[in-house]
Amino acid sequence: MISLVRNEMLKIVRKKRILIVAGIIAVLVALFTYSQYRDLERRLERFGDVDWRTTVQQQIIDMQNRLTSSGISDEWKSELQLTIQQQQYYLDNNVNPMEPGAPSFARMFAEHSINLLLPLMIMVVAADIVSAERTAGTVKLLLTRPVKRWKILMSKYLALILSVSIIVILFGVLSYLISGFVFGYLGWSAPVITGFSVAGNELNTNAVQMIPQWQYLLMEFSLVWFVALIVGTITFMLSVLIRNTPAGMGVMLAALISGAILSSMVASWESAKYLFMINLNLTGYLSGQAPPIEGMTLGFSLIVLAVWGLAALVVSFAVFIRQDIY
Amino acid sequence: MKKYSVGFTLFLSILSLGLMLVGFGWTIQNQFLNNGTPSAMEQAKPVEDKTTNDQGSKVIVALGDSLTRGMGDDTGKGYIGYLVDELGDKSKEKITIHNYGVNGYRSIQLLEQLRQVEIQRKIQSADYILITIGGNDLFQSGETMDLDEKKIAQAKAGYLKNLDSILKEVRTLNESAIIFHIGLYNPFIDLNDSELTTKIVRDWNYDTNALLDQKEKAVYVPTFDLFQLSVKDYLYTDNFHPNAEGYKLIAERVSSLITW
């Protein structure tokens, strides 16, 4: 089994997929770092100092003013109210919500990429893991070996899990190393507030805890990893089901993008919360964002994702074992 | 070489997987299994530091309602923006402005806002404090003006009480800053009942002025006369908020009062 997995890893490494993904991430991180840097400069110009309290207070005022304009939707309104309360909480406790430094950048970047960018990167690796062998015909060579079919598929899946893990870690390491170039590499122990919960329009701060940033990052990246794993598994299933790699990728792309769009407008369609793509924003629960649909919690999303992942896995194996290969 | 890179990738990915599994397990434990532990919130007490980074520049804190915010000015500057322009022309001194105006604020909301730590901190470091408040107490947020005498008297009593508390609060925070309170104009001066509305606004302003006279280093800045003759030219299309020109008038007036 180990040599099978090794063999599959070899294929992934040979295709240079991980390198490509790392390259894309590096370029994007550089871009975001630059934009953050510009933002910092602009703030310095506007307020005369970069005291975070000045910025946060101004953000609160800006949001309060946005609340008073008549044309905004109820969802947006309650989201703004929550953010205001949260920012106020940061101010009241004298905790910088965005301590400058590479760890904060990595945190912010992961929060923003969890529901679209990172799943796309995972797709790059996962989409053709089975279907490419079928298009190329090499799957026949694999299946003529005296190895059970499920073992072959399992070795592919394990290789996928390993690649997903390394991509997530690469993601964190690259964003840390590259952004640290500009923002400095410190800030691991800066306090971060987590545990906000949302009840209607009110922000519940009872269960709030303050933890050092490295702990928060560990939690956050493990959630990112979980999402990446589930997305990888579903893509894996599509790769088994659909011979044509671009078609499989298209389906997955459509699902992911529709998820990103839907998240902002499904508040009134309650059963949408069982769709996997609505549940991808796990880190939002840590930072205390309002969930896309009221009543969704971290536990709920984890279970929904796990069920989707398991189902995808079962389908993949059931189909692959019985499929006629010609 | 190739063999080596596979082994290396394999090794790293197994490490990554391990780390993520640990992290995930810990997340589950942290989020679901340790309810009720009093949070670490206690240990990290806010650090009290009074250092202001605004040293070497004049600090202006603007508080109040939509007039402070600049509603109605297409460039979004408001009188605060024009004031900064004017002061910039007048002197070389570096000016830092903090605009905390919120549309629709009434005096009671401003009083509540003053309880926020960061607002207090900024007031402490201010050289000048500009306030526009009362417009929404008197005119129901720009809609109409209730001409019922009793209601107006009630609104005014509440407003004066709040304003008094606001001024006291600001004074406790900052003994030396000069407070400017920008008075009201009558946006309805061109409409029916202008005599009545004018009288109401004048009385309102008079009482505000009287209150400010009792305070030290507090200046009442009238705007009534600015808008008196050609109110249409200086009002925004909502016929309530000033337009850019109107804001410029207010800014000129305030700027002539600020000296350093």
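Going by an unreviewed UniProt entry, chain B carries the name GDSL family lipase and comes from Mesobacillus subterraneus.

Going by an unreviewed UniProt entry, chain A carries the name ABC transporter permease and comes from Mesobacillus subterraneus.

Engineer: Could you give an account of the interface of chain A and chain B, with specific residues and numbers?
Structural biologist: In this assembly, 48 residues from chain A lie in contact with 49 residues from chain B. Contact between chain A and chain B buries roughly 4300 Å² in total, counting both sides, with carbon and sulfur atoms accounting for 66%. When residues of chain A are sorted by the area they lose upon contact with chain B, A:Arg6, A:Asn65 and A:Met210 head the list and together hold 12% of the total. Linking chain A with chain B are one salt bridge, by the criterion used here. For A:Asp62, the salt bridge identified is with B:Arg69, shortest N-O distance 2.9 Å.

Engineer: An account of the domain arrangement of chain B is requested, with residue identities and associated values reported.
Structural biologist: Here chain B is partitioned into domain 1 (2-32) and domain 2 (58-257). Taking only C-alpha atoms into account, the centre of domain 1 of chain B sits 60 Å from that of domain 2 of chain B.

Engineer: Summarise the pairing of strand E1 (residues 58-64) of chain B; cite the residues concerned and give the values.
Structural biologist: Both faces of the sheet carry side chains from a regular strand, because those side chains alternate between them. All names here are of chain B. Burial of E1 is extensive: six of the seven residues sit out of reach of the surface. The pairing of E1 with strand E2 (residues 95-99) spans five bridges and is classified as parallel. When the sheet's bridge partners are listed, Val61 is paired in E2 with His98. Direction of pairing for E1 relative to strand E3 (residues 128-132): parallel, over a ladder of five bridges. Residue Leu63 lies in a different strand from E3, and its bridge partner there is Ile131.

Rules used in this analysis
- Residues numbered from 1 in each chain as written.
- Chains lettered and ligands numbered in written order.
- Predicted model: local features only at pLDDT ≥ 70, side-chain atom pairs only at ≥ 80, totals over all residues.
- Heavy atoms only, no water.
- Contact = heavy atoms within 4.5 Å.
- Buried area = accessible area lost by both parts, 1.4 Å probe.
- Salt bridge = Lys/Arg side-chain N within 4 Å of Asp/Glu carboxyl O.
- Domains from an automatic or database assignment.
- Buried < 20%, exposed > 50% of the residue type's maximum accessible area, 1.4 Å probe, protein only.
- Helix = DSSP H or I, 4+ residues; strand = E, 2+ residues; numbered from the N terminus.
- Pairing = 2+ DSSP bridges.

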